[in-house]
Amino acid sequence: MEVSTNVLQGITAANNNENVPDDCFPALVTSACQGILNQSPHIDPRLRKLDQDVLKETLASFALFISEAAKHDTDVQSLMSLLEECNFSKDRIKTFVSVFCKNKPFLQTLLANTHESLPHVLGVKWRLDYYIKSNHLEKTHQPVYLLSLVTEIPGESELQELNFSCTLEQLQMLVGKLRDASKCVERFAQL
Amino acid sequence: MEEVDQIIIHSLRTLHCEIDDDVKSLKQFSADLIVLAAAKCLKAINNDLDVPNKLPAGMSARYRIGTALAHHIKEVGYSGEIGYQTFLYSNENDIRKIFMFLIEKVPKESTETRDEPLSASVVLQRAIAVKLASQLKSPWIPPYIRRASAIWKGSSPELYHQGVSDAVGFHAYPLQWPVGTTNLSKKIHKELRNYYQSLLPMVIQQTRRPEDVPASLLEAHAADLTAQQEWENELSKAALTSRVSEQEYHHKKQEKIRKRVLDHIRQGIEHSNIQAETQGSQDLKQMLNSIYAVDVPKVKGSRFIHNEKLQFTKEEEKIAQITEATVSGSADTEEEQRVKREGEIQVLQDEINDYLTKIDEIDTEMKKLVGSIQQMQEETEVNKRENLEKEEKYIVKKRTLDLLPDADNNIVKLQSVVDNSAQRLVSLATQWEDHRAPLIKEYRELKEFNTLRESEAEKKLEEMKTFREKMKEIAAETRAKEELHKQLVTKYENMTKDVNRSAYTRRIMEIVSNIKKQNNEIEKVLTDTKALQKEINSLTGKLDRTFTVTDELVFKDAKKDESVRKSYKHLAALHENCEALITTIHDTGVIMREIRVLEDQIENEMKKTACVLQKTKSAEDFDYFMNNGKYFKRIMYHHHH
Amino acid sequence: MLVLLKDEHKEHLKFLTGVEVGVVREFCRISIEFIKNGCNPKVYQSAAQKLEVDAETVQYAVEGLMYLLSETSKLMTNEVDFQDSISILGFSEEIVQVLLAMYLENRLMIRNVLSDMSMDLPHYYDLEWRLDVQVASRSLRHQITPNIVLKLHLEEDHEKSTHILQTDPGNLMQLTKELEKALDEIKSTYCRRIVRNID
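Each chain carries its own residue numbering, running from 1 in the direction its sequence is written. The order in which chains are written sets their letters, starting at A; the order in which ligands are written sets their numbers, starting at 1. Given that the model is predicted, a residue must reach a pLDDT of at least 70 before its local features are reported, and side-chain atom pairs must reach 80 or more before they are shown or counted; all residues, however, enter totals for whole chains, interfaces and linings.

A. Region of the structure containing helix α2 (residues 21-37) of chain C. All names here are of chain C. Only DSSP runs of H or I with at least four residues qualify as helices, and only runs of E with at least two residues qualify as strands; both kinds are numbered from the N terminus onward. One fewer than the residue count of a helix, multiplied by 1.5 Å, yields its expected span. In this model, α2 (17 residues) spans 24 Å end to end at C-alpha, consistent with the 24 Å of a helix rising 1.5 Å per residue. Note on contacts: each residue gets a C-beta atom placed from the backbone, and two residues are in contact if those atoms are within 7 Å. For α2, the secondary structure elements touched by its buried residues are α3 (41-51), α4 (55-75) and α6 (93-117). Of the residues trailing α2, Gly 38 is marked for its positive phi of about 95°.

As structure tokens, then:
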């Protein structure tokens, strides 16, 4: 994981007891995590006594650092050595690591969800009709399946539906292909 | 033999032979199972072979399959006795031999690959397989009761996706945050600090939608990092071509960019002059002003920058003129007033300048006068000093003059005084030396000690560095090892735990120890036989020797005495007879051995035939033949009639 | 099922009662051709000249034949009913046989043409699939997210459209299972009974 000098500078600034006293440090790291997770837009009241510009810099640096670490799934060891190089005390490193580890699954869930996506098929509704006659043709007598693929499009609250019809042969073909795909997945899972 | 059977059965199971769990030994193998197992083994050895897995019902077909199997096994290299009867009327020992041979021949790819280190792609593929398996195993949740599309699941939690309801596109907003607020070496402008403190929102509150915070953060960091790297690259390139400091390069580049911007804008203004709209050009002018207002670097003493600045201001004026020309048409009166006011200001400025020059002149005069005062003072000082010296000289001369009348006496006195002082000087010098030597010594020692300590410290530093590196290396190694361990553990867990393994090894150990014991015994027997051989050899030697001696003695006497001649003949006959006896005994031994081997063989064959007879006699084969016989009889009967 | 011919229609077909079998055959050929590929008015002119009648008469006769064929095909009229239906026109037995043979020969083709004309819903045409595993993304490195990408080709009125979708393994299994159930449904006794009763 590479970290820019600006961020390192900000993190190192947080190490100074005059800038960020010991009792504020956990609140600072937690606020950075929570800020990324959009859980609390309000800043911890304990942090109000800090210089606002320092707070903004350190908070931003930690937020950037934490998001980058979550993205790379950086292991605890490397994080610790990185902080050691910034001369952090053992207590502060421990605080940071514990807060980070607690929040990492949530952060990574969020990051995993940050992606574009095709319409995602969630299920299918089907209906079996028997086609008897139309205005042009009588005695057709064949089964017709009406299928409706239920899809989810990210960012849209309603589920969408893709409707189409199948004759028996067409459905057999469709199911054959889907079965192929399922088999393929199952085979791959057993490797 | 049970152990061997278990091993065989286990191996057969790994070849996907369906063997019931209660089958414990080869004795329980039915003819069908034997054929199936043999066919599987042959297929595992050579995939192209086409051998049926099942025994058909028909007797002749059974026979054909049996011979085919026997033929294939012989082709593989089996040297023992084998035929259709081996499969159809099985004998436990034969079967065991055949299966031991076949299982030995089955290629063991799986064991070979297992020891190779896992390549990255294999690891990835495994991980994918595990993931897919876990996804397939977990239940399907209808979308309307699902809370989140991505959740952490399992004992060692893993992200699990179903649906995309929470997916958000990667949409980044540009973020701003203060940099270097605590850096004392770089002052931040007061207004900027003010902006940072009161107006700039927190970095996590700068996006329009809260979901975009992570994307924006990642993007901001990437941009920051790239900018930094690009700048470093550029700087290193610049440093290669011309040696400039980072700051100088920075300024140079800033100037260049600003100049280019100005050029462009000026061109634009000139271009649009024809259809100049006052409003537009005023806006432009404002913008230009704002560009000038960007803080021009305040580096003192750099002539280059100074020059640039001069050039710059000239350009500025030019632009101002141009823009003014476009503006003047509309603001006539204002312009006049401004000109007037400017004139007044000019006059006042001139006056002020006059006064200023006058003040300057007076100042310089004053400075001159102060300087002359100082000079005077110095002169008086010098004079005073000269005076004092002269007075001293006068006193000395006066004393010498006083001493002159009693010259000799005084000279002696003076001499003694001089001698005294000389002696004192010498003693003082020696004393000084005495003090100096140890001090110098001490100084040197201390110095040496110091350098030693320094070098030691350096060494320690070096050591620390190496240790740190080693620590990192070891940490990385441990991580890799842990990873490997995890993999191995999972692999181990995934592996089918065969109970046979321990039995296998135990058995092998036992066999090895048995073999050792047997070896020892064989050696003992061998030594015994050797000893016996030796004894026999020595005895025969002795015999030979005694014989020759007696032969000689008797032969000598035989010439003289007739009776002795007779005894000599007897002796020769005795010797011959004894030799014949020994060879006979030898031959008997050989024959005995042969007999024993043959007896063994007979016994084996007896057993086999008994077995086969029993099998054939029993079972449906007998019925089959009987039926066949009846059938043929019937046919014959039909033919007759 | 009998086809009831309208008076006007009967009038138009009457023309065919007075011509030779060969001419009827030719007319049949023309009407089948027209049903297949659309009308060509020039044919009427040349036929009219040869037979020395009005072009209009020829046109009516051909169109009458076309209508007769499409109606009988639409209803899947059987042999006997077909003969009964046209018996009212008073054709000679030979001509009736010619018409019947033509009807039987071309019935399937005509039904295909008719079914092409029928209302068409977007229907399945083809499905392509692919197993993707996302191993890293811009926002998260080191991940394993399997996805099955589906490219569904649909067809409506001979125009194809494609839809690109995706799904996860769990949903794929579910989807397959559900559609297999749908396939099995048509073989159920209930469905078979209904089908039997309708036929």
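B. Up close: unusual backbone geometry. All names here are of chain C. Positive phi is not limited to glycine here, since Asp 157 has a value of about 50°. Along the chain, Asp 157 falls in the loop between β2 (145-156) and β3 (159-167). The phi dihedral of His 158 is positive, around 65°, even though this residue is not glycine. Along the chain, His 158 falls in the loop between β2 and β3.

C. The nonpolar core, seen in detail. For this entry, the nonpolar core is defined as buried Ala, Val, Leu, Ile, Met, Phe, Trp, Tyr and Cys residues connected by C-beta atoms within 7 Å. Residue burial is a threshold on neighbouring C-beta atoms within 10 Å of the residue's own C-beta, all placed from the backbone, with 20 or more meaning buried, 12 or fewer meaning exposed, and counts in between meaning partly exposed. Counting 45 residues, the largest nonpolar core has Leu 28, Ala 32, Ile 36, Phe 62, Ala 63 and Ile 66 of chain A as the members making the most contacts within it. Contributing elements (two or more residues each) for this core: α1 (5-15), α2 (25-36), α3 (52-72) and α5 (90-113) of chain A together with α9 (213-241) of chain B. Core analysis: the next-biggest nonpolar cluster, separate from the first, contains 27 residues, Phe 164, Cys 166 and Leu 171 of chain A together with Leu 132 of chain B among them.

D. Geometry of the interface of chain B and chain A. The interface is formed by 48 residues belonging to chain B together with 51 residues belonging to chain A. Where the side of chain B that touches chain A is concerned, the elements lending two or more residues are α7 (120-137), β1 (150-153), α8 (190-199), α9 and α14 (407-494) of chain B. In terms of residue count, α9 of chain B provides more of the side of chain B that touches chain A than any other element does, ten residues in total.

E. Highlighting the packing of α3 of chain A against α8 of chain B. As a packed pair, α3 of chain A and α8 of chain B sit with axes 7 Å apart at the nearest point and diverge in direction by 75°. With respect to α8 of chain B, the axis of α3 of chain A lies roughly perpendicular. Of the residues in α8 of chain B, those in contact with Gln 52, Asp 53 and Lys 56 of chain A of α3 of chain A are Arg 193, Tyr 196 and Gln 197 of chain B. Three classes are used, and their members are as follows: Ala, Val, Leu, Ile, Met, Phe, Trp, Tyr, Cys and Pro are nonpolar, Asp, Glu, Lys and Arg are charged, and the others, Gly among them, are polar. When the residues that make up the contact of α3 of chain A with α8 of chain B are grouped by side-chain class, the tally is one nonpolar, two polar and three charged. Think of each axis as a best-fit line through the C-alpha atoms, taken over the contacting stretch in the case of a helix, with angles from 0 to 180 degrees between the N-to-C directions. If an angle is under 35 degrees, it is roughly parallel; if it is over 145, roughly antiparallel; if it lies from 65 to 115, roughly perpendicular; otherwise it is oblique.

F. Looking closely at the packing of α2 of chain A against α5 of chain A. Residue and element names in this part refer to chain A. Where α2 meets α5, the closest approach of the two axes is 10 Å, and the angle between their N-to-C directions is 15°. On the basis of the axis angle, α2 is roughly parallel to α5. Seen along the crossing, α2 lies across α5 with a hand that is right-handed. The segment α2 lies against α5, with Phe 25, Pro 26, Val 29, Thr 30, Cys 33 and Ile 36 engaging Arg 92, Thr 95, Phe 96, Val 99, Asn 103 and Leu 107. In terms of residue class, the contact of α2 with α5 is made up of eight nonpolar, three polar and one charged. In a left-handed crossing the near helix is turned counterclockwise from the far helix by less than a right angle, and in a right-handed crossing that turn is clockwise.

G. Region of the structure containing α4 of chain C. Residues and elements named next belong to chain C. Between its first and last C-alpha, α4 extends 30 Å over 21 residues, near the 30 Å set by a 1.5 Å rise per residue. Where α4 is buried, its residues contact α1 (7-14), α2, α3, α5 (79-87) and α6. Following α4 by one or two positions, Met 76 has its phi on the positive side, about 60°.

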